[in-house]
Amino acid sequence: MASELRVNTLKDASGNNSVATSTVAQGSAKAWINFNGTGTPAARDSFNCSIHTDNGTGDYSLNFTSAFTDANGSFVFGCLTNSGSGDVRGVNNVPPTTTSIRIYGLNGSQSALQDLDYIWMQVDGELA
């Protein structure tokens, strides 16, 4: 027997921190991660995302815990290095899939891959 719950607003157990259900269904990030990309990459915090593989210097594969219906969502990320080596860039030249995305860190001249101290990524789309 299937049941249905219809509400306009969700609140925490204390009756605070309300959010419209439309925001939960359509407007919230469906996956995000903040991780350290040096040494053995490790997530500082995440939602629906895990570090799958350290593919080598500045090359990371991330998995989504829950798959997306397609790979046409919005993927944004930023990065930072503490090494004082100047400008760095986070790039993706491999199309994302419904279950993963690959991120590369490049040095300022874009001539070599570089490990990144901070990588932030957020994904929005429809979960399967």
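Since the structure is predicted, the reported quantities are computational estimates derived from the model, not experimental observations. (Residues numbered from 1 in each chain as written. Predicted model: local features only at pLDDT ≥ 70, side-chain atom pairs only at ≥ 80, totals over all residues. Heavy atoms only, no water.)

K.L.:
Please clarify how the nonpolar core should be interpreted in this entry.
P.N.:
General note: in soluble globular proteins, nonpolar side chains tend to be found buried as a group. Counting residues in each nonpolar core, the largest one holds 14 residues, and the members touching the most others are Leu62, Phe64 and Met121. Of all the elements in the fold, those that place two or more residues in this core are strand S3 (31–36), strand S6 (59–64), strand S9 (100–107) and strand S10 (118–124). Ignoring sequence-local partners within four residues, the contact set of Phe64 consists of Ala31, Asn48, Cys49, Phe75, Thr97, Thr98, Thr99, Ser100, Ile101, Met121 and Val123. (Core = buried A, V, L, I, M, F, W, Y, C linked by side-chain atoms within 4.5 Å. Buried < 20%, exposed > 50% of the residue type's maximum accessible area, 1.4 Å probe, protein only. Helix = DSSP H or I, 4+ residues; strand = E, 2+ residues; numbered from the N terminus. Contact = heavy atoms within 4.5 Å.)

K.L.:
I'm lost on the environment of Gly37 in this one. Help?
P.N.:
Topologically, Gly37 is positioned in the loop between S3 and strand S4 (42–47). Along the primary structure Gly37 and Thr57 are separated by 20 residues, whereas in three dimensions their C-alpha atoms are 8.9 Å apart. Non-local contacts of Gly37, meaning those with residues more than four positions away in its chain, are made with Tyr60, Asp115, Leu116, Asp117 and Ile119.

K.L.:
Even after reading the chapter, I still don't get the sheet that holds strand S7 (residues 74–80), so can you show me in this structure?
P.N.:
Sheets are built from strands that pair by backbone hydrogen bonding, the pairs being arranged parallel or antiparallel. Here four strands make up an open sheet; going across it, the order is S4-S3-S10-S7 and the pairing antiparallel. Single-partner strands in this sheet number two, and they are S4 and S7. This sheet shows a mean twist of 10° between the axes of neighbouring strands, independent of strand direction. (Pairing = 2+ DSSP bridges. Axes fitted to C-alpha atoms, helices over the stretch in contact; angles between N-to-C directions.)

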